[in-house]
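Chain and residue survey
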Amino acid sequence: MEAQSSRRITVTVNGEEIEYDVEARRLLVHFLRDDLDLTGTHVGCDTGNCGACTVIYNGVLAKSCMLLAIQADGASIETVEGLSSDGELTALQQAFSDHHALQCGYCTPGMLMSATALLRVHPSPTDEQIRKAIQGNICRCTGYVNIVEAIKAASK
Amino acid sequence: MTETETASRPLVVAPGETKPGFAGTSIPRKEDKRLVQGEGVFFDDVKRHGMGYVHFVRSPYAHAKITSIDVSKALELGGVYGTLTGDEVAILTDPFFELSVKPGADIKDYALAVGRVRHVGEPVAAVVASSRELARDAAELVEVDYEPLPVLTTGEEALKNEVILHDEAGSNVVWQGLFDWGDYEGAVAEADHVVKIERLHFDRFSSTPLECSGVLVEYNRGTGQWTMHGNHQMPGIGAIWMAPALRTGIDKLRFVSQDIGGAFGNKICLHPQYVACCLLARKLNRPVQWTEWRTDQHTANAHGNERTFLDIEVPVKADGTMLGLSVRALDDCGAFPRYEPLGCIIWAQVTPGCYRWRNIRVDFTQVCTNKSPVSPNRGYSRMQHLWLTERVIDLVAQELELDPVEVRKRNYVRADEMPYETPNGCVYDSGDYARALDIALELIGYDELEARRSDVESRGKLLGFGIGSTLDSGTNNFGQSTLLNPELQFSGNNEVATVKLDIFGEIVVTLGTVPQGQGHETTASQVVADILGCTPDDVTVRAGHDTYWNSHAGFSGTYASQFAVTGLGAVKGATDKLAGEIKRVAAAVLGATPDDVELAEGTARLKAAPEAAIPFMGIGAIVNANNAILPEDVRDVTLNCRHVYVPPFQLPDKERKFGNLTLTYAMQVHTCLIEIDPETGVYEIVDYAAVDDCGTRIHPQIVEGQVHGATAQALGAATHEIFAYDEEGNLLTPNFYDYHVPHALDMPPLKTGYLESTSPFTPLGAKGMGEGGGAGIHAVCAALQDALKSRGQPTVWRSCNPFHQVWEYLRDPSRTVEVTKP
Amino acid sequence: MLLREVEYARPKSVEEAIGLLSAHDGARALAGGQTLVNVMKARAASPDVLVDLQDLDELRGVRDLGSGSVEIGAMTTCSQLAGDEAAGARSILGEVASTIADVQVRNRGTIGGNVCSNDPTNHFPPLLVALDASFTIVGTGGERTVPAAEFFLGVYLTAAGPGELLTKITIPPGGQDGFAAVTIGRDGTGIVTVAASLNGGARVAIGCVDAVPVRARQMEEKIGSDYSDESVRAAAHGLGATLDPPSDVHASADYRRHLAEVLAVRALVAARERR
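The rules behind each value
Residues numbered from 1 in each chain as written. Chains lettered and ligands numbered in written order. Predicted model: local features only at pLDDT ≥ 70, side-chain atom pairs only at ≥ 80, totals over all residues. Helix = DSSP H or I, 4+ residues; strand = E, 2+ residues; numbered from the N terminus. Rg over C-alpha atoms; globule rule 2.2 N^0.38 Å. Buried ≥ 20, exposed ≤ 12 C-beta atoms within 10 Å, placed from the backbone. Contact = placed C-beta atoms within 7 Å. Pairing = 2+ DSSP bridges. Nonpolar A, V, L, I, M, F, W, Y, C, P; charged D, E, K, R; others polar. Axes fitted to C-alpha atoms, helices over the stretch in contact; angles between N-to-C directions. Parallel < 35°, antiparallel > 145°, perpendicular 65-115°, else oblique. Domains from an automatic or database assignment.

1. Details of the overall build of chain A
Assigned secondary structure in chain A consists of five helices and five strands. Walking chain A from its N terminus toward its C terminus, one meets helices and strands in the order β-β-α-β-β-β-α-α-α-α. For 156 residues, the compact-globule estimate of 2.2 N^0.38 gives 15 Å, and chain A sits close to it at 16 Å. Dimensions along the principal axes, computed over C-alpha positions, put chain A at roughly 50 × 30 × 25 Å. Looking at chain A as a whole, 67% of its 156 residues are labelled buried. Expressed as a percentage of contacts within chain A between residues at least 6 apart in sequence, the contacts between residues at least 24 apart total 59%.

So this is what it looks like as structure tokens:
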């Protein structure tokens, strides 16, 4: 087997299969933002601490700045753009707006992915479970108060 | 738990008045729909064909001469479009305008380091390439030779002037001045005691917005126009710095932003990097894009002011009445002043803090050091000073063995004294501080405090209770800058809005402000809807800001807790004008006078006969496309109204340094309970309450959200967030790994309350708010002080108290406060 | 934030992986990437070749070997460990795993990556030293098993050398385990961490104070078999003086010495009290 400096990858993003040539060193977050124009996923730091780049990767929550695009060959990725369809907000997105769980909106896509992943596994989470679920998403605007309220409101 | 209310259409609105229709309710935010779908447009989302990516080569030294720069190897790398060095910058631009008097006025500040570097991370050269990765690779090929120089990492060292950072200035002192109001010596004579505190230190930190700075610059060779898609939060001052530097007119600098991922003052001083990018866009004849990395933001963008307070003396009566204050303040503004020395006066907006003492003397010096330059960070300069006053009153209460609640109430400015003129002529517009404190005490369960303390102590821990009062002074009178430099030609303030009624009846608002999450689109629409008798859904507010299209004035931007006053004041003014024009047209068409007309349900109609109504669409159509049917005297109506809100300020008195420096004074009181593990120094905030009074709340949910956010930032600053340096000037917390900000699990249970003390000075009775004045820092310090009372009463002398600091207090409870006879 | 050029391979078997790792001098195994990608972003280290282990299913999973003994595949993630039934046989594993950073990191971060990177602030190295784990390493020369005491060699340095792969970690029977830590914020980076295990004798391992986990041998000897509070406290006295921890922005060396003593007591008492 040979090592390659680039590869043609096939990746499913929000249900759509895409083929693309990527350099081995390309971070997944830059692939999503710059190559696929899915700019909803954001970059907030350079040490994998802030979670603004959070996506759902093969069904589990992951930071896309800590993955290489080339690793994602054959993977299935969900980003914030895949949550709503035809402009119809999900109950979670609506709850974020109702409860003022966003101010500048920069951490919001990552938060929504983390909340989505949580609610799939724990449809009625406790406060502690919610905070644990978004512990990897930094917000500098809201103090998390309304974010926790919103996720609770969106749960069963 | 916050609730969303959507009010029904208001029926009738009297001219020039905003009834509590939509204003005062928490309507859904207009910004949210795009943001929750990831459809916001932040600057890094914008792309241009053929654009180049910028990477800055930055200094690894805190202080050094640049002996040579060689970019040749970088230029040889495939995909590299070009470079820029300090030598070019020194030829192509003039140094940035300095605000200070000499010697600070002589500092030379350029877009890239010229001949010398003065802090780790200072940009030395720039490389542009076809991809982000290649630009980064090429930057590594730029060879820079440095000759290290001695490093200054503290203000006290810098003050000695043994090592000079800026040769042209000849001194590290940026600004120095004595503020002396009232009669301090008289206060001492009248006092029963003088409480002396040796040293207090406000640590360096900043709000670190999640989105880093950046810009995409395009240069139009035909017109000389630069278009910048970025996140500069105060384009007015950005242009004032950049235009002369680039030797161009202000109108040639177009700033465009739509969504900004937080700014908190950290996106005011972006002009050096922006100028570098402008030069590159012109030189390389292609769009260039710069995205700041987190490490760059921490190392080289903007820190909050670091301030040391020395020789603090407080004459007091035996009952705890504080008569005066004398202090020496030493402010460390980092390598370049930029927005400084404004911080040397801005604290004076809140000279006495929340208290009634009349005799205050501050000997203020600001110096440069080899650290990141500062910029107005949330709470700018007032937070540092208010922390001082809060530490003072806390220590006075402790030393005189008085109840901290009673001492505060004894000293608070009273509700019946409002509007209250401070010793230096600022006017606190309204407020009931004692009542706010009562609410904060109730929310924290103050009555059960002692029972709680016994329970905590039985578990081997220490309980601490703390109060933090603070002010959010809003809407600056920029005339205060003349108290620092009499040559400056700045005074007053302004903000602009336009409101128009389009041909199809669409109401469109443009703002001079640059929102970064404060919900301006929403609150503006509330105000407009109430005046025009329609709903916020009928009002379109242009997202973001574009200096080409949005009308703006010299002070336009979003900073300093003022939107509810200046921004909404401009919106109200423009909408009032529009309402008047709509009525004139309707009156002409309906054969009545404008006084006979009311605006309701999206129409202009006769009060006496509401069925005689013209929908806004009709009004718009007539003026825009059918104006021959109008009588001559109504043909001046354009339905496109602009208003510049100008607050009622005067020039301050330069001799006495006296005058009103800010229009409004919002207030917050926080109460805090902490538990310390005395074995380890580890502590936890177990309960927390924040009470806010910002006058009329246009959108209560937005106000509350600002309180939550400011609290979180203050708690971070109180516990772990610090920009600490080693002796070589290396920043030890250059990213979110080491610079720990609060995450969701770090937040205490947070209860909030509010008061609405209307401001008599503003168009809507609202006050600017949002910065929060650092109340969380004041409260946590007070709580630590209280918790450690039984352990030798060490003096909590600094603003940031991480676990290891608390352990130091426990291990070595040194006291730097004493009570003396006058 | 941006990596240097690198080559990438995605082997289908352990054998193929070993082949790739041995064939290239500057090759590194890529497990969860939660440390390695960061290191490459900072350009602190830039391997020439990344050997992606994601398809090596034989390295995943936890087996309960009976009486509290477990075998953990190196590619098992922290989330898997926290939720795994077999791992539940040794409950300290999941407990500690679930305090590492955040969900995203736990979903990708592997126990193998955590121990092979051997960052002094990582949780698993001191824990596994206290549990007396053994580490199975495969290379071109075959397979060998190394006890914890010989596995951790230095910062970012373990017995799994170039061309080799850690395949599994085996933990002997036991169950009286404790872990005490002071971290920067909840679930944050360790300032000092201590793991203790009582298993026919006390084992106490301290993290964050040296390049590798430090066994508190004097303390272990003094305790003997008397695990009472008094005995443990007396035994911990003087532990700090035997350490030479680093000073940094989060803690002075003295503070770390002090925390080591306090946390050693707490970890041991927790181990004693575990049901």
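2. Brief notes about the overall build of chain C
The helix and strand inventory of chain C stands at 11 helices and 14 strands. Computed over the C-alpha atoms, the radius of gyration of chain C is 18 Å, within 12% of the 19 Å expected from 2.2 N^0.38 for a compact globule of 275 residues. Overall, the C-alpha framework of chain C stretches about 55 × 45 × 35 Å when taken along its three principal axes. Evaluated residue by residue, chain C yields a buried proportion of 57% over its 275 residues. Within chain C, contacts between residues at least 6 apart in sequence are counted, and of these 61% link residues at least 24 apart.

3. Side note on the sheet that holds strand β14 (residues 214-215) of chain C
Sheet strands pair by backbone hydrogen bonding; their relative direction is either parallel or antiparallel. All names here are of chain C. With respect to topology, four strands assemble into an open sheet ordered β11-β12-β13-β14, the strand pairing being antiparallel. Looking at strand neighbours, the two that pair on one side only are β11 (176-183) and β14, the edges of this open sheet. Direction of pairing for strand β12 (residues 190-198) relative to strand β13 (residues 202-207): antiparallel, over a ladder of six bridges. Along β13, the bridge assignment pairs Ala195 with Ala205.

4. A closer look at the interface of chain A and chain B
If you look at the interface, chain A gives 43 residues, while chain B gives 49 residues. Those elements that place two or more of their residues in the side of chain A that touches chain B are α2 (91-98), α3 (108-121), α4 (127-133) and α5 (145-154) of chain A. Split into classes, the residues belonging to the side of chain A that touches chain B amount to 17 nonpolar, 18 polar and eight charged.

5. Side note on the packing of helix α16 (residues 563-590) of chain B against helix α17 (residues 616-625) of chain B
Residues and elements named next belong to chain B. In contact at an axis separation of 10 Å, α16 and α17 are set at 85° when each is read in the N-to-C sense. Considering their axes alone, α16 and α17 lie roughly perpendicular with respect to each other. Of the residues in α17, those touching α16 at Ile582, Val585, Ala586 and Val589 are Ile619, Ile622 and Val623. Among the residues forming the contact of α16 with α17, the class breakdown is seven nonpolar, no polar and no charged.

6. Regarding the domain arrangement of chain A
Residue and element names in this part refer to chain A. Segmentation of chain A into domains returns domain 1 (6-81) and domain 2 (91-154). Centre-to-centre, using C-alpha coordinates, domain 1 lies 21 Å away from domain 2. In this assembly, 14 residues from domain 1 lie in contact with 12 residues from domain 2. For the side of domain 1 that touches domain 2, the element with the most residues is strand β3 (residues 54-57), which contributes three residues. Counted by class, the side of domain 1 that touches domain 2 contains seven nonpolar, seven polar and no charged residues.

7. Describing the domain arrangement of chain C
By domain assignment, chain C separates into domain 1 (7-52), domain 2 (61-171) and domain 3 (176-273). The gap between the C-alpha centroids of domain 1 of chain C and domain 3 of chain C is 34 Å.

8. Focus on the pairing of strand β3 (residues 80-85) of chain B
Residue and element names in this part refer to chain B. With five of six residues buried, β3 is to be regarded as a mostly interior element. Of the strand pairs in this sheet, β3 and strand β5 (residues 123-129) are connected by five bridges, and their pairing is antiparallel. Across the sheet, Gly82 pairs through a bridge with Val128, a residue of β5.

9. Topic: the environment of Ser114 of chain A
Within the secondary structure layout, Ser114 of chain A lies in helix α3. A C-alpha to C-alpha distance of 13 Å links Ser114 of chain A and Phe96 of chain A, two positions 18 residues apart in sequence. Among all residues touching Ser114 of chain A, those that are not within four sequence positions of it are Thr54, Leu61, Ala133, Ile134, Gly136 and Asn137 of chain A together with Val103 of chain C.

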